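# Observations on the three-dimensional arrangement
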Amino acid sequence: MPLDRRVWKEACALRDAGYRVSIICPKGKGFSTGHEVLDGIEIYRHRTWEASSIPGYFLEYVVALLAEFVLTLKVFIRTRFKILQACNPPDTIFVIALLMKLFGVRFIFDQHDLGPELFEAKFGKRDGLLYKMSRMFEWCSFRAANTCIATNESFKEIAITRGGKHPDSVFVVRNCPDLTSFRHPQIITNNKFGRELLVTYVGFMGSQDGLELLLQSIEHIVKRENRQDTHFVLVGGGTVLHQLQATITQKGLDDYVTLTGQVSHEEVAMYLSNADLGVAPDPKNVMNDKLTMVKILEYMAFSLPVVLFNLEEGRRIAGPAALYAVPNDPVDFADQMTQLLNSRELRQQLGEKGRKRIEERLNWEVEKRSLIQAYESTLENNHVLCVSQNQ
């Protein structure tokens, strides 16, 4: 399966609705087989790697696109699929979609990230050829798409205003937890790393995800506030793991911070089950302000209070289940964590509010209905292909 849980949930929902589904995705840790059938879904994988520079990203995406094109033709010869769904980043799979339209294939653009904003957040540039190319690729993806899927209302507004899509052709499908599978393990192994309290971060660790700010906040709590009762576990893989470990050692925080690297979904559930609060240190910028951070929803699903910077979509999702720090201020972020660490009652109150929001609205059982509507509006068919470069 893809390591991208959103793609897998979408594929399973479509399968359960009667569609025949194939997936093209990168290989990853624990998923190195080139082809397999899993739970009735055919999966085709290609090689890739994680880049960290502009030339590296360019080469990574070109090679991946060529591999995906070859696999797309292979799947089409076998199945004659009628819908191709492309999940970004990057916004280049429209090239494959345009070629497949010659064979009557409809195109659904599933926009996971904002390409231009992502480029600006990574490289701090809003001009130059590469930025303009990211805007052009996004526009081409919108124009080629018969239907668009947006992860939240902010993305839908961009599809309408920047992409020129009709509102009726854009469907919001949030990446919400599936409460039937993402829940507390039946047997919970108590592990707070030898301390009374555990703060958990879950997610990809890249240069744009605010982990350096989080480490500054942790340093303030441990050294300035002299707090000895709390451990911090950062769960997930990413491009900056070695850099983060070096920073942890440099700051003298090895006894208080643990990096797990990429782990299974079951292990993620175990860490969340042991946690006392969850943190989302994503800094405020043009991209993060419009993103729905999946980790926030996952924390809420486990009844954890959340600390995050005051972001537009973050506040829209978490509401009263979180404390909000002054944007990009690690000291205030530390203060909000400390407020929760000092009050079990406050942690419980916020955690219960978050879980209630998940149970009533922000769950996959609700969101997948919009996904099925998107497909029904695109074409009546019995086979679809999902292409994702996300890992």
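Residues numbered from 1 in each chain as written. Predicted model: local features only at pLDDT ≥ 70, side-chain atom pairs only at ≥ 80, totals over all residues. Heavy atoms only, no water.

### A short note on the overall build of the chain
Across its full length, the chain holds 14 helices and 14 strands. Here the C-alpha atoms of the chain give a radius of gyration of 21 Å, agreeing with the 21 Å that 2.2 N^0.38 yields for 391 residues. In terms of its C-alpha atoms, the chain occupies a principal-axis envelope of roughly 65 × 45 × 40 Å. The long-range fraction of contacts in the chain, counting pairs at least 24 apart against all pairs at least 6 apart in sequence, stands at 71%. In the chain, the 46 positive side-chain charges and the 47 negative ones have mean positions that sit 4 Å from each other. (Helix = DSSP H or I, 4+ residues; strand = E, 2+ residues; numbered from the N terminus. Rg over C-alpha atoms; globule rule 2.2 N^0.38 Å. Contact = heavy atoms within 4.5 Å. Lys, Arg positive; Asp, Glu negative; His and termini not counted. Charge placed at Lys NZ, Arg CZ, Asp CG, Glu CD.)

### A closer look at the sheet that holds strand β1 (residues 20–26)
The strands that make up a sheet are held in pairs by hydrogen bonds between backbone atoms, and each pair lies either parallel or antiparallel. Strand order in this open sheet of eight strands is β2-β3-β1-β14-β4-β5-β6-β7, and the pairing throughout is mixed. Two strands lie at the open edges of the sheet, namely β2 (35–38) and β7 (170–172), each paired on one side alone. Ignoring strand direction, the axes of neighbouring strands in this sheet form an average angle of 20 degrees. Of the strands in this sheet, β5 (106–111) and β6 (147–150) are in contact with helix α5 (residues 129–144), which crosses β5 at around 135 degrees. Strands in contact with helix α6 (residues 153–161) are β5, β6 and β7; relative to β7, the strand with the most contacts, it is inclined by about 170 degrees. (Pairing = 2+ DSSP bridges. Axes fitted to C-alpha atoms, helices over the stretch in contact; angles between N-to-C directions.)

### A few points about the pairing of β2
Inspection of the sheet shows β2 paired to strand β3 (residues 41–46) by four bridges, in the antiparallel sense. Among the inter-strand pairings, Leu38 is bridged to a residue of β3, identified as Ile41. Taken together, β2 and the strand that follows it, β3, pair antiparallel across an intervening segment of two residues, in which Asp39 is found at a positive phi of about 55 degrees.

### Structural notes on the packing of helix α4 (residues 115–123) against α5
Their axes nearest at 8 Å, the elements α4 and α5 cross at an angle of 155 degrees. Between α4 and α5, the interaxial angle falls into the category roughly antiparallel. Counted together, Gly115, Pro116 and Phe119 of α4 and Leu130, Tyr131, Ser134, Arg135 and Glu138 of α5 form the full contact between these two elements. Of the residues assigned to the contact of α4 with α5, the class counts are four nonpolar, two polar and two charged. (Parallel < 35°, antiparallel > 145°, perpendicular 65-115°, else oblique. Nonpolar A, V, L, I, M, F, W, Y, C, P; charged D, E, K, R; others polar.)

### Thoughts on the nonpolar core
Leu84 and Met337 are the most contacted members of the largest nonpolar core, which totals 97 residues. Top element by residues in this core is helix α7 (residues 211–224). It accounts for seven residues. The residues contacting Met337, other than those within four sequence positions of it, are Val199, Leu214, Ser217, Ile221, Phe232, Leu277, Val279 and Val307. By size, the runner-up hydrophobic cluster in this structure holds 25 residues, among which are Tyr19, Cys87, Ile108 and Tyr375. (Core = buried A, V, L, I, M, F, W, Y, C linked by side-chain atoms within 4.5 Å. Buried < 20%, exposed > 50% of the residue type's maximum accessible area, 1.4 Å probe, protein only.)

### Here's the deal with the environment of Ile93
Along the chain, Ile93 turns up in the loop between β4 (83–87) and α3 (94–101). With relative accessibility at 2%, the residue Ile93 sits in the buried group. On a C-alpha basis, the gap between Ile93 and Ser141 in space is 7.7 Å, while along the polypeptide they are 48 residues apart.

### So, the side chain of Ser22
Residue placement: Ser22 occurs in strand β1. Beyond its immediate chain neighbours, meaning those up to four positions away, Ser22 contacts Glu42, Tyr44, Val75, His383, Val384, Leu385 and Cys386.

### So, a nonpolar patch on the surface
Judged by side-chain polarity, Val95, Leu99, Leu102 and Phe103 come together as a nonpolar surface patch covering roughly 400 Å² of accessible area. Considering the arrangement of structural elements, one finds Leu99 in helix α3. On the basis of relative accessibility, which here comes to 35%, the residue Leu99 falls in the partly exposed class. (Patch = residues over 30% accessible without salt bridge, like charges linked within 9 Å, V, L, I, M, F, W, Y side chains within 5 Å. Areas by Shrake-Rupley, 256 points an atom, 1.4 Å probe, with all protein chains shown as cover. Salt bridge = Lys/Arg side-chain N within 4 Å of Asp/Glu carboxyl O.)

### Focus: the packing of aromatic side chains
Counted under the stated rule, the structure contains nine aromatic pairs. On the numbers, 5.3 Å between centres and 80 degrees between planes, the contact of Phe76 with Phe81 is edge-to-face. Of the two residues, Phe76 and Phe81, neither departs from the other in class, the shared state being buried. Between Phe182 and Phe302 the ring centres are 5.1 Å apart and the planes differ by 75 degrees, which places this aromatic pair in the edge-to-face class. On the criterion of sequence distance, the pair formed by Phe182 in the loop between β7 and β8 (197–202) and Phe302 in the loop between α10 (294–301) and β12 (306–309) is long-range, its members being 120 residues apart. Among the aromatic residues, those joined into a cluster by ring pairs are Phe76, Phe81 and Phe103. Cation over ring: Arg315 sits above Tyr324, and NZ or CZ is 3.9 Å from the ring centre. (Phe/Tyr/Trp six-rings, centres within 6.5 Å; stacked < 30°, edge-to-face > 60°. Lys NZ or Arg CZ within 6 Å of the ring centre and 35° of its normal.)

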